[in-house]
Amino acid sequence: MSAIKESTGVVINGPNDLAYSTIAIGKVADDEVIVKVHSAPVNPADLMLLQGAYPAGKSHPCTAGLEGSGVVVEAGAGAAAQALMGKRVAFFGSLPTQGTWGDFCHTSAKTCFPLLDSIDFEQGACALINPLTVEAMMIECDEKGYKAVVHSGASSQLGRMMVKIAPQHNVTVINLVRREENVKMLKEAGAQIVVDTTAADWEATLDALIAEHKPQAFFDCVCGEVGTKVLAALPPKATTYTYGALGGFSYNIGVGDLIFKDKHIRGFWLNNQIADPARGAAAATAMMTHLAAGVYKTEVAKRFKTSEYAEALEFYKGNMTAGKVLFQNANF
């Protein structure tokens, strides 16, 4: 058995059934480690996990939280695990009952990424889901030859990262936001094109931009009514990559767009995008390089103890563009 017997934190007993409680930590296999958690963010995917709508391979009860940062304090006998002992890491909570919103996390050595000295625990905690997703999107653009794309939910932390990195890939981004104040914010971050989808003339503005730039891809985390309108406005043969559902869980698209205009809709889930070892390694290497260089920087809006999870989740839901909410281990 492990010397560390349990983790205390936010426990999911079932869909939308949370408690501040403990989860047992079992024997550490050869290719596994235990991380003492420093910080762990709240992401939209975490909210889906709490609702039972995110297929992360979890069983109930389990500790919540998909990504985090900390120090490896126990390692299995395998070479990969032993190489991580004592290291500062960003990591995924990859085992069925283990997540990152606790004081310890038992996880696979394969889902731990050593942090460079220049990357602190807070930035490291947010190093995986958003930065890796952006890197995977840029790999897709490079492979498919996309020179212009549309991106919804662009005021998010992920959206701001895309604004920073897309020019390095010669990709023009038509950024869509849902508040007038976010237009200024995103332009100050370096965005050249920003459309407020609450403006009365936003659809006409988008039509003109699509006619000018001819985007062949739409990275969509909103879906619903806005996603449907953008998909319909895209040029023939364009592909919509759905990676979220902030505005609804479906599109209402006419079959003519699919049959006669040869438009495509496909899912874009990070787990699938980095499943290929070579692709995953390329994304991880680029991600760490850009984090160390300060190209990617996550803004933190507020920090909470895991015992304050109800307050933290309420704050996050009402302030999703203000920055990340972090759970931090008071005993680190």
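Each residue is numbered by its place in its chain's sequence as written, counting from 1. This being a predicted model, a pLDDT of at least 70 is required before a residue's local features are given, and a value of 80 or more before pairs of side-chain atoms are given or counted; all residues contribute to the totals for chains, interfaces and linings. Processing note: side-chain calculations cover all non-hydrogen atoms of the structure and skip hydrogens and water entirely.

(A) Inspection of the pairing of strand β13 (residues 239-242) at higher detail. When a residue's accessible area, from a 1.4 Å probe over protein chains only, is under 20% of the maximum for its type it is buried; when over 50% it is exposed; and in between it is partly exposed. The helix and strand labels rest on DSSP assignments: H or I over at least four residues marks a helix, E over at least two residues marks a strand, and numbering proceeds from the N terminus. Covered by surrounding structure in β13 are Thr 239 and Tyr 241 together with Thr 240 and Thr 242, the residues of both alternating faces. When DSSP finds at least two bridges between two strands, those strands are taken to pair. Relative to β13, strand β12 (residues 217-220) runs parallel, the two being bridged by 4 bridges. Bridged to Phe 219 within β13 is Tyr 241. Here is how to tell: hold the view so the strands point away, follow the path from the first strand over the helix to the second, and if it runs clockwise the crossover is right-handed. Handedness of the crossover joining β12 and β13 through helix α8 (residues 224-233) is recorded here as right-handed.

(B) Broad picture of the sheet that holds strand β10 (residues 172-177). Reading across the sheet, the 6 strands line up as β11-β10-β9-β12-β13-β14 and stay open at both edges, with parallel pairing between neighbours. A strand with exactly one partner marks an edge of an open sheet, and here the two such strands are β11 (193-196) and β14 (264-267). Direction aside, the axes of adjacent strands within the sheet are offset by 20 degrees on average. Together, β10 and β11 form the strand contacts of helix α6 (residues 180-188), whose direction differs from that of β11 by roughly 170 degrees. Angles shown run from 0 to 180 degrees and are taken between the N-to-C directions of axes, each axis being a line fitted to C-alpha atoms and, for helices, limited to the stretch in contact. In what follows, a contact means two residues having at least one pair of non-hydrogen atoms within 4.5 Å.

(C) Examining helix α12 (residues 309-318) more closely. Turning to α12, its buried residues number three or more, namely Tyr 309, Ala 312, Leu 313 and Tyr 316. Considered in projection along α12, the buried side chains sweep an arc of 95 degrees and stay on one side of the axis. In α12, those exposed residues whose orientation departs by more than 90 degrees from the buried face are Ala 310, Glu 314 and Gly 318. As used here, the arc belongs to the directions running from the helix axis to the C-beta atoms.

(D) Fine view of the pairing of strand β1 (residues 6-14). Bridge count for β1 against strand β2 (residues 17-24) is 8 bridges, and the pairing is antiparallel. Within β2, the residue paired with Ile 12 across the bridge is Leu 18. The pairing of β1 with strand β4 (residues 62-63) spans 2 bridges and is antiparallel. For Val 11, the partnering residue across the bridge sits in β4 and is Thr 63.

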